[in-house]
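So you can see what is in the structure, the chains are spelled out below.
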Amino acid sequence: LVSSGDLAGLSEAVIEMDLHPSDVADLLEELDQEDRVTIVRALPRELASEALSEMEEGDERGEILASLDPRTGAQLLHELADDDAADLIAELEPEDANRILANLPVEEAVDLRGLLQYGEETAGGIMTTEVVAVLASLTAQEAIVDIRRQAQEMDDFYTVFVIDDRHHLLGEVPLAEVIVAEPDQTVAELVEEVQVRVLPDTDQEEVGRLMGRYNVVSAPVVNELGQLLGRITFDDIIDVIEAEQTEDILRLAGMSEEE
C-alpha cells in the first residue's frame, strides 16, 4: 500500500485489522526511514503517536518525529502522556525539540521542559506529572466530584493521592473507600500511609526494586519538602526492569558500553 501510494487504503487497513500500537511499532521498525514517515503521516493521530512511543528507544523514532513538520509533531506529542512525550523529545536535537515545543500549548510545553531537567534513568525522568490528588479537608462527596473532574483529563489512574493546601503528600486513599464512605466523612479520616515514595533523583532501578518489594502499582514522586511532583506506574517500571536486566546480561557476556 505504501509502495503504491495508497495512503487512504493503508489507514483503512490498519484500522480494520485493529492493530495494537505495539504491533504498528514493530512494522515501522522493519521499514526504511522514508516509508516510516509516510505511514506515520497517514495513520490516525492517536495511533501514530502511540506507535512512535512504543518503538524501541533510539535514533529511529526521533528521526521520524524530526522529519514531520513541527505542528504535526506537536499534535502527536499532545496525544501522549507527558512522560512518554518527554522521552520522545529527549531523543531530538535541541533545535528540533524547540521547534516542536513552540507549537504546543504553553503550559504543556513548560511541563515537558520540567520533566526534561531530570536524568534519563531517574525517578524524575520516568514519572508523569498527571496525578489524581485531593485535599484532605474535602468530604467524600466533594472528593468524588473532584476525582471525576481530574480523571477526565487522564487515560487511567490507580491511586488517589491525598495532599494539603501546600501540595504536601499526606498519603493515599483507595477509590473504593471514597465511594463507600459517608458523604460528609472527610478524606483525612480515610487516608492511608504511602508504602513507597521516592525523590526525583532516585535511580530508576531502585524505584523498581521498591515497587516490586511492596507490590504497589503506582508510586508518588516528591521533592525534598515532601510536595507531590508526579507518579510512576507499574508499566513504566516493567520497561525499566527489562532495560536494566538486558544491560546486566550484556555485561555478563563481556560486551562494552558501545557494543
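See above for the structure.
Note that this is a predicted model, so its numbers are computed, not measured.

Rules behind the numbers
- Residues numbered from 1 in each chain as written.
- Predicted model: local features only at pLDDT ≥ 70, side-chain atom pairs only at ≥ 80, totals over all residues.
- Heavy atoms only, no water.
- Helix = DSSP H or I, 4+ residues; strand = E, 2+ residues; numbered from the N terminus.
- Buried < 20%, exposed > 50% of the residue type's maximum accessible area, 1.4 Å probe, protein only.
- Contact = heavy atoms within 4.5 Å.
- Areas by Shrake-Rupley, 256 points an atom, 1.4 Å probe, with all protein chains shown as cover.
- Lys, Arg positive; Asp, Glu negative; His and termini not counted.
- Charge placed at Lys NZ, Arg CZ, Asp CG, Glu CD.
- 1 Å grid on protein atoms, 1.4 Å probe; cavity = no way out; pocket = protein on both sides within 12 Å on 5 of 7 lines; lining within 4 Å.
- Points joined across faces, edges and corners; volume = space filled by probe spheres on them.
- Core = buried A, V, L, I, M, F, W, Y, C linked by side-chain atoms within 4.5 Å.
- Salt bridge = Lys/Arg side-chain N within 4 Å of Asp/Glu carboxyl O.
- Axes fitted to C-alpha atoms, helices over the stretch in contact; angles between N-to-C directions.
- Parallel < 35°, antiparallel > 145°, perpendicular 65-115°, else oblique.
- Left-handed = near helix turned anticlockwise from the far one by under 90°.
- Pairing = 2+ DSSP bridges.
- Arc of directions from axis to C-beta.

Another point: the overall build of the chain. For the chain, the helix and strand inventory stands at 14 helices and 5 strands. In terms of its C-alpha atoms, the chain occupies a principal-axis envelope of roughly 65 × 45 × 35 Å. Counting every position in the chain, which comprises 259 residues, the buried fraction comes to 41%. Taking contacts inside the chain between residues at least 6 apart in sequence as the whole, the part at least 24 apart equals 62%. Accessible surface, the chain as shown: approximately 14600 Å² in total, 47% of it carbon and sulfur. For the chain, the distance from the average site of its 15 positive side-chain charges to the average site of its 64 negative ones is 5 Å.

Next up on the list: the layout of surface pockets. Quantified by volume, the second largest pocket comes out at close to 750 Å³. Looking at the second largest pocket, it is lined by 22 residues, and the ones nearest its centre are Asp82, Asp111, Glu130, Glu153 and Met154. Per-element accounting of the lining of the second largest pocket gives the leading share, 4 residues, to helix H9 (residues 106–116).

With that out of the way, let us pick up the nonpolar core. Leu65, Leu77, Val198 and Ile232 are the most contacted members of the largest nonpolar core, which totals 47 residues. Setting aside chain neighbours within four positions, we find valine 198 in contact with Ala123, Val207, Leu210, Pro220, Val221, Val222 and Ile232. In this structure, Val132, Val134, Val160 and Leu190 belong to the second largest nonpolar core, which totals 15 residues.

Further remarks concern the pattern of salt bridges. Summed over all chains, the structure comprises 5 salt bridges. The partner of arginine 209 in a salt bridge is glutamate 206, and the shortest N-O contact between them spans 2.9 Å. Of this pair, arginine 209 and glutamate 206 both sit in helix H13 (residues 204–214), 3 residues apart, roughly one helical turn. Look at glutamate 206 and you get partly exposed, because its relative accessible area is 29%.

Further remarks concern the packing of helix H7 (residues 82–90) against H9. Running from N to C, H7 and H9 point in directions that differ by 70°, and their axes come no closer than 9 Å. What the angle tells us is that H7 and H9 run roughly perpendicular. Classified by chirality, the crossing of H9 by H7 is right-handed. Across the interface between the two elements, Asp82, Asp83, Ala85, Ala86, Ile89 and Ala90 from H7 touch Leu112, Leu115 and Leu116 from H9.

Of all 6 residues in strand S5 (residues 228–233), 5 are buried; the element is thus mostly enclosed. Bridge analysis of strand S4 (residues 218–222) against S5 gives 5 bridges, and the strand direction is antiparallel. The residue bridging alanine 219 from the neighbouring strand is isoleucine 232, located in S5. In this structure, the hairpin formed by S4 and S5 is closed by a connection of 5 residues, where glycine 226 is found at a positive phi of approximately 85°.

Another aspect to go through is helix H1 (residues 7–17). Buried residues of H1: Gly9, Leu10, Ser11 and Val14, and no others. Buried residues along H1 sit in contact with helix H2 (21–29), helix H3 (33–42) and helix H4 (45–54). At the C-terminal side of H1, aspartate 18 shows a positive phi close to 55°.

Below, the discussion takes up the sheet that holds strand S2 (residues 160–163). Pairing is mixed in the open sheet, where 3 strands are placed in the order S1-S2-S3. Edge strands, defined here as strands with exactly one partner in the open sheet, are strand S1 (132–135) and strand S3 (169–173). Within the sheet, the average angular offset between the axes of one strand and its neighbour, ignoring direction, is 35°. Looking at chain direction, S1 and S2 are connected through 4 bridges and run parallel. Across the sheet, alanine 133 pairs through a bridge with phenylalanine 161, a residue of S2.

On to helix H6 (residues 70–78), then. Taken as a whole, H6 has its buried residues at Gly73, Ala74, Leu76 and Leu77. For H6, the buried positions fall inside an angular range of 160° around the axis, keeping them on one side.

Right, let's talk about the environment of phenylalanine 161 for a bit. Mapping phenylalanine 161 onto the fold places it in strand S2. You can call phenylalanine 161 buried: its relative accessible area is 0%. Residues phenylalanine 161 and arginine 231 lie 70 residues apart in sequence; the distance between their C-alpha atoms is 9.7 Å.

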